[in-house]
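# Topology and contacts: notes
For reference, the chains in residue letters:
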Amino acid sequence: MRSSTSSSDRVGEVPDRYARQTAADRPGVAQPVPLRPVPAQPWGRILIGAVLLLVLLVAGWEEYWRAYGVRPSIANTYGLWAIQRRRIDAGEGDATVLLGASRLYFDIQLPVWERLDGRRPIQLSFEGTSPLKAVEDLAADPKFTGRVLIAVEPDLFFSGYEYRAGAIRYALKESPSQRIGQWLSMRLIEPYLAFDDPDYALQTVLARQPWPARPGLRSSIRVRKLAETEADRNTHLWSKVDTDPEYRALARRIWQQEFVPTDDDPSPAEALKVEKEQIERMAKAVAQLRARGVKVLFVRMPSTGAYLEFEKRYFPRARTWDALLTASGAPGIHFEDYPEMQGYNLPEWSHMTRAEAERFTAVLYRIIQRDFSRAKAAD
């Protein structure tokens, strides 16, 4: 007797010609792979419709962000940094190199510097990170024999925060496919599509949607778009930070998060230890550079408002800036020592508007030429 009965064996039932036979229906015979006919469809029209829908959705997303004020710009990737870093090894070892965090990156305008100096500097600053690793990288490169302007943002440098230090390793190991990808993106995508900005990519927008508050969980807002970048890394503050009060307030709230102590902060003794380590490392790198004839100049870029109050409270000048100049033996320009470096419009307390940055660049360049000429820098 058969252990099971198929639907086709049931009395009074009409067999379903589309039903798949079971193993019980075919004892000892391998089960065949079922085949289903693909119905005839107007595939050409379907493809055209899908493409048109995609174009419509992309165009809508692009228009949405353009209405918000976003404009196409170049993403500040490791690949973009590597292009500028390679200029030193490609014959521009005697150039002026700018190393710092976002203030030197946003507030020094390369076209203004080039107009005054005759040569465009190499911008190797990176937002949100200490420049120490990059200084050490230049110190170890015998091809670099020029001048370096190093900006010190107290909360990043003296805390040892090296968020973007991976750019150095990336530049050394960048593959041909990565270089090609960077080249194609810079020329075919980024100059034309505003939504390609990392801050407005769909996955980024979804990730920053607020979650319900949970007791004991400290919420934080990630840093939002602040600047627009060009192919040679000339960068300026995004005008929306200055002209949109709501967006400016958001930028300030993000900074204020950092001004409040948390349980994750190092103890005072640990913080002091890190400060001393950063100063010692920088002094060693500066000594290597100066031994090779490189002219080194530090600069403390302007800050104001609550940001400046925070820096003075946790990184007092005598313990940090003054100690750095003493240990390194290199000269420095502190904005508080020069009236012409004060009074600029810094909408979110940390970066200048584009027009102010252009004016500031000219002022800083003239101070360097006046007070730190080549003869003095060589001493």
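Residues numbered from 1 in each chain as written. Predicted model: local features only at pLDDT ≥ 70, side-chain atom pairs only at ≥ 80, totals over all residues. Heavy atoms only, no water.

## Comments concerning the overall build of the protein
Helices and strands together make up the secondary structure of the protein, namely 16 helices and seven strands. Looking at the protein as a whole, 41% of its 379 residues qualify as buried. Here the analysis covers contacts within the protein between residues at least 6 apart in sequence; of these, 80% occur between residues at least 24 apart. Here the protein has roughly 21500 Å² of accessible surface; of this, 58% comes from carbon and sulfur atoms. (Helix = DSSP H or I, 4+ residues; strand = E, 2+ residues; numbered from the N terminus. Buried < 20%, exposed > 50% of the residue type's maximum accessible area, 1.4 Å probe, protein only. Contact = heavy atoms within 4.5 Å. Areas by Shrake-Rupley, 256 points an atom, 1.4 Å probe, with all protein chains shown as cover.)

## Some details on the environment of Ala227
Mapping Ala227 onto the fold places it in strand S4 (residues 227–229). Taking the C-alpha atoms as reference points, Ala227 and Ser102, separated by 125 residues in sequence, lie 9.4 Å from one another. Non-local contacts of Ala227, meaning those with residues more than four positions away in its chain, are made with Phe106, Thr235, His236, Leu237 and Trp238.

## A look at the confidence of the model for the protein
In the predicted model, the protein carries a mean pLDDT of 90, and the fraction of residues at 70 or more is 89%. Confidence over residues 1–8 falls short of pLDDT 50; this stretch has seven contacts with residues more than four positions distant or in other chains. (pLDDT = per-residue confidence, 0-100.)

## Brief notes about a nonpolar patch on the surface
The grouping of Ile180, Trp183, Leu184, Leu188 and Ile189 at the surface amounts to a nonpolar patch, some 490 Å² of accessible area in total. Among the structural elements, Trp183 can be located in helix H8 (residues 176–189). On the accessibility criterion, Trp183 (46% relative accessible area) is partly exposed. (Patch = residues over 30% accessible without salt bridge, like charges linked within 9 Å, V, L, I, M, F, W, Y side chains within 5 Å. Salt bridge = Lys/Arg side-chain N within 4 Å of Asp/Glu carboxyl O.)

## Digging into the nonpolar core
Of all hydrophobic cores here, the largest spans 58 residues; its most connected members are Val148, Met282, Leu289, Val296 and Phe298. The element contributing the most residues to this core is helix H11 (residues 245–259), with six residues. Apart from the residues lying within four places of it in its own chain, the contact partners of Phe298 are Ile150, Val152, Met282, Val286, Trp321, Leu324, Leu325, Ser328, Ala330, Pro331, Gly332 and Ile333. (Core = buried A, V, L, I, M, F, W, Y, C linked by side-chain atoms within 4.5 Å.)

## Quick word on the pairing of strand S3 (residues 147–151)
Burial of S3 is extensive: four of the five residues sit out of reach of the surface. Pairing between strand S1 (residues 96–99) and S3: four bridges, direction parallel. Directly across from Leu99, in S3, lies its bridge partner Ile150. In this sheet, strand S6 (residues 295–300) lies alongside S3 in parallel orientation, the contact comprising five bridges. Its bridge partner being in S6, Leu149 is matched across the sheet by Leu297. (Pairing = 2+ DSSP bridges.)

## A short note on the packing of helix H12 (residues 268–291) against helix H14 (residues 321–328)
Running from amino to carboxyl end, H12 crosses H14 at an angle of 40°, the nearest separation of the two axes being 8 Å. Looking at the two axes, H12 sits oblique to H14. Handedness of the H12/H14 crossing: right-handed. The segment H12 lies against H14, with Ile279, Met282, Ala283, Val286 and Arg290 engaging Ala323, Leu324, Ala327 and Ser328. Split by residue class, the contact of H12 with H14 holds seven nonpolar, one polar and one charged. (Axes fitted to C-alpha atoms, helices over the stretch in contact; angles between N-to-C directions. Parallel < 35°, antiparallel > 145°, perpendicular 65-115°, else oblique. Left-handed = near helix turned anticlockwise from the far one by under 90°. Nonpolar A, V, L, I, M, F, W, Y, C, P; charged D, E, K, R; others polar.)

## Observations concerning the side chain of Glu275
The topology assignment puts Glu275 in helix H12. Sequence-distant contacts of Glu275, that is, excluding residues within four places in its chain, are made with Phe158, Tyr314, Phe315, Arg319 and Thr320.

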